[in-house]
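# Reading the structure
Chain residues, written in single-letter form:
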Amino acid sequence: QVKLVESGGGLVRPGESLRLSCEASGFTASNHAMFWYRQAPGKEREWVATSGTRGDTNYVDSVRGRFAISRDNSQNTMYLQMYSLKPEDTAVYYCRAQIFLDYYWGQGTQVTVAS
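This is a predicted model, so every value here is computed, not measured.

Cut-offs and rules
- Residues numbered from 1 in each chain as written.
- Predicted model: local features only at pLDDT ≥ 70, side-chain atom pairs only at ≥ 80, totals over all residues.
- Heavy atoms only, no water.
- Helix = DSSP H or I, 4+ residues; strand = E, 2+ residues; numbered from the N terminus.
- Rg over C-alpha atoms; globule rule 2.2 N^0.38 Å.
- Buried < 20%, exposed > 50% of the residue type's maximum accessible area, 1.4 Å probe, protein only.
- Contact = heavy atoms within 4.5 Å.
- Areas by Shrake-Rupley, 256 points an atom, 1.4 Å probe, with all protein chains shown as cover.
- Lys, Arg positive; Asp, Glu negative; His and termini not counted.
- Charge placed at Lys NZ, Arg CZ, Asp CG, Glu CD.
- Disulfide = S-S within 2.5 Å.
- Core = buried A, V, L, I, M, F, W, Y, C linked by side-chain atoms within 4.5 Å.

## Points about the overall build of the protein
Looking only at helices and strands, one finds zero helices and eleven strands in the protein. Each helix (α) and strand (β) of the protein, taken in turn from the N terminus, gives the series β-β-β-β-β-β-β-β-β-β-β. Against the compact-globule benchmark of 13 Å for 115 residues, the protein has a radius of gyration of 13 Å, which places it among compact chains. With the C-alpha coordinates of the protein rotated into their principal frame, the extents come out at 40 × 25 × 25 Å. Burial status across the protein gives 43% buried among its 115 residues. The contacts in the protein between residues at least 6 apart in sequence include a share of 53% that link residues at least 24 apart. As displayed, the protein offers around 6,400 Å² of accessible surface, 46% of which is attributable to carbon and sulfur atoms. On the protein, the mean spot of the 12 positive side-chain charges and the mean spot of the 11 negative ones are 1 Å from each other.

What follows is the structure in structure tokens.
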């Protein structure tokens, strides 16, 4: 019953912004740490950001200061606000949840940053 659905990706020019959404269902996301990952063409999937259960956040060095992870617990939704996007941010972005020993992934949403 656990499901994660990402949305908000698209084609943007360098320097522009996007906000990605991850709608969770089948569990209460506020009770669990949530994560954003991304996978660029020809590269391994990498961790991007963490949203903890106590308001704590962490980011990979390459996005720190430009990306902000947040939640709307009333909607069971997590967000990734991305500012000052760069071509190297181009990737499929995935939402991840880990519940006990199981992990779950959304289908991903494509972000393309190009002139």
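Moving on from the coordinates now.
## Focus on the state of the cysteines
As enumerated under the stated definition, the model contains one disulfide in all. Through a disulfide, Cys22 is tied to Cys95; the S-S separation comes to 2.0 Å. Judged by the sign of its S-S torsion, about -70°, the cystine formed by Cys22 and Cys95 is left-handed. Pair noted here: Cys22 is in strand β3 (residues 18-25) and Cys95 is in strand β9 (residues 91-99), with a separation of 73 residues, a long-range link. Judged on exposure class, the residue Cys22 and its partner Cys95 are both buried.

## Considerations on the nonpolar core
With 29 residues, the main nonpolar core has Met34, Trp36, Phe67, Leu80, Met82 and Tyr93 as its most contacted residues. Put simply, the parts of the chain that give this core at least two residues each are β3, β4 (34-39), β5 (46-51), β7 (67-72), β8 (77-82), β9 and β11 (109-113). No other element matches β9, which puts five residues into this core.

## Some remarks on unusual backbone geometry
Its identity is not glycine, yet Asn76 carries a phi of approximately 55°, on the positive side. Examined against the element boundaries, Asn76 turns out to sit in the loop between β7 and β8. Residue class for Asn76 comes out buried when judged on its relative accessible area of 18%. Residues other than glycine seldom take positive phi values, yet Ser84 does so here, at roughly 50°.

The analysis is restricted to geometry; functional conclusions fall outside its scope.
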